[in-house]
Amino acid sequence: MTGRPGWHGIPPSADRYVAPLQLEAPTGGITEPPRSPALWVELEYSDGTRRTMKGFAMAWTGSAVRAQWIEYSRAREAWVDAAHCRRRTVGPPSAHKA
């Protein structure tokens, strides 16, 4: 198995899934928008590896973002440092001529 992100065969079972490092959930000052902005989130894992994923900002504070992304066909969420997130533009799908 290579060290690159992406699909690499059969997904791990739920008990073998390794979640990224995450912050403790804040207790106050949380903004939950009516529509979640699209973002790129850089996830860091306990072995020091990093992976950038397409996701959405489900909530945030001045220093943390609750990011949601799809990994192994499942929605995942984690509170991450806001510095590890950047806005992403989502436009209409492009028309491909067959």
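Residues numbered from 1 in each chain as written. Predicted model: local features only at pLDDT ≥ 70, side-chain atom pairs only at ≥ 80, totals over all residues. Heavy atoms only, no water.

Q: Would you mind going over the pairing of strand 3 (residues 64–71) with me for this structure?
A: Remark: a regular strand shows side chains that alternate across the two faces of the sheet. Of all eight residues in strand 3, six are buried, a share of seventy percent or more. Across five bridges, the pairing between strand 2 (residues 50–60) and strand 3 is antiparallel. For Ala57, the partnering residue across the bridge sits in strand 3 and is Ala67. Hairpin connection of strand 2 to strand 3: three residues between the antiparallel strands. In terms of strand pairing, strand 3 meets strand 4 (residues 74–81) through eight bridges, oriented antiparallel. What sits directly across from Arg66, in strand 4, is Trp79. Here strand 3 hands over to strand 4 after two residues, with Tyr72 in that stretch at a positive phi of 55 degrees. (Buried < 20%, exposed > 50% of the residue type's maximum accessible area, 1.4 Å probe, protein only. Helix = DSSP H or I, 4+ residues; strand = E, 2+ residues; numbered from the N terminus. Pairing = 2+ DSSP bridges.)

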